[in-house]
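# Working through the structure, step by step
Take a look at the letters that make up each chain.
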Amino acid sequence: MRLAEKNRIPMDCNYSNPRIRYDGINWWITVGIEYEDSVTVPSNDGIGIDLGIKDLAICSDDNKYKNINKTKKVKKLEKQKRRLQRSISRSYENNKQGKEYCKTKNVIKKEKLLLILNHRLTNIRHDHLHHITSEIVKREPSFICIEDLNVNGMMKNRHLSKTVQQQGFYEFRRQMEYKSKWNNIQVIIADRFFPSSKLCSCCGKIKKDLKLSERIYKCECGNVIDRDLQAALNLKKYGEDVLKRSVA
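The rules behind each value
Residues numbered from 1 in each chain as written. Predicted model: local features only at pLDDT ≥ 70, side-chain atom pairs only at ≥ 80, totals over all residues. Heavy atoms only, no water. Helix = DSSP H or I, 4+ residues; strand = E, 2+ residues; numbered from the N terminus. Contact = heavy atoms within 4.5 Å. Buried < 20%, exposed > 50% of the residue type's maximum accessible area, 1.4 Å probe, protein only. Phe/Tyr/Trp six-rings, centres within 6.5 Å; stacked < 30°, edge-to-face > 60°. Lys NZ or Arg CZ within 6 Å of the ring centre and 35° of its normal.

## Considering the side chain of Asn 67
- Position of Asn 67 relative to the elements: it lies in the loop between strand E5 (64-66) and helix H1 (72-94).
- Residues within four places of Asn 67 in sequence aside, it is in contact with Ile 53, Lys 54, Asp 55, Leu 56 and Gln 167.

## Some thoughts on the environment of Asn 94
- Tracing the chain through its elements places Asn 94 in helix H1.
- Asn 94 sits in the exposed class, given a relative accessible area of 65%.
- Considered as a pair, Asn 94 and Thr 122 are 28 residues apart in the sequence and their alpha carbons are 30 Å apart.

## Description of the packing of aromatic side chains
- Taken as a whole, this structure holds four aromatic pairs when the rule is applied.
- For the pair Tyr 92 and Tyr 101, a centre-to-centre distance of 6.1 Å together with 85° between the ring planes defines the contact as edge-to-face.
- Accessibility expressed as a relative area gives 45% for Tyr 101, which makes it partly exposed.
- Centre to centre, the rings of Phe 194 and Tyr 238 are 4.8 Å apart; their planes meet at 55°, and the pair counts as tilted. Residue Phe 194 is located in the loop between strand E9 (186-190) and strand E10 (216-218), and its partner Tyr 238 is located in helix H6 (residues 227-247); the two are separated by 44 residues in the primary sequence.
- Note that Lys 207 overlies the ring of Tyr 217, its terminal NZ or CZ placed 5.6 Å from the centroid.

Here is the structure:
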């Protein structure tokens, strides 16, 4: 077979469990290979990660990763997608025969273009997630602490459902867990009801009346900090406490 990426496939190893998949556009073959386990245990400071809508991920070491869906490239593709969906819908209505819809060659052609567009958007978002998770793991933290988000509950909010779906919180967590396992990094999942945003990182007081619109956290003790960064710092401390209890 002709390969687009030269020297990326190892030749001196045994392959196992081959699988062939067709996604509507391309054919894919997936195989497993043996790979030596990593024996090094990272000893750098742990990292707390707060996931959000404005920015995808905010780390306790002050690294921030943007929301790829707010870029011009993705917005342009989403606009093309909406227009194409409306065009397909009109084509179905125009070619309706009684109560039945007739799928013409033009409709089939447009649906193929829509499938290609959906694949491109999915690949852009997954590639962005892979870059972020790989970069975090390469910093070799001793642990990574993330929230146990109630994604199903967030999806019920009609104002946020599409944005939450596009962010791919579950995919982020999945990638973080298996990449951390490969590198002997412990992943700690904070309790779903842990008040990471409402808890002051300095005095430990909980601000119960904190609104979602308040992006800057202000505490009576004088602590003024970005709420997302504070959530990440609280998650880092949560992870440290969990490790201390496990050692004790």
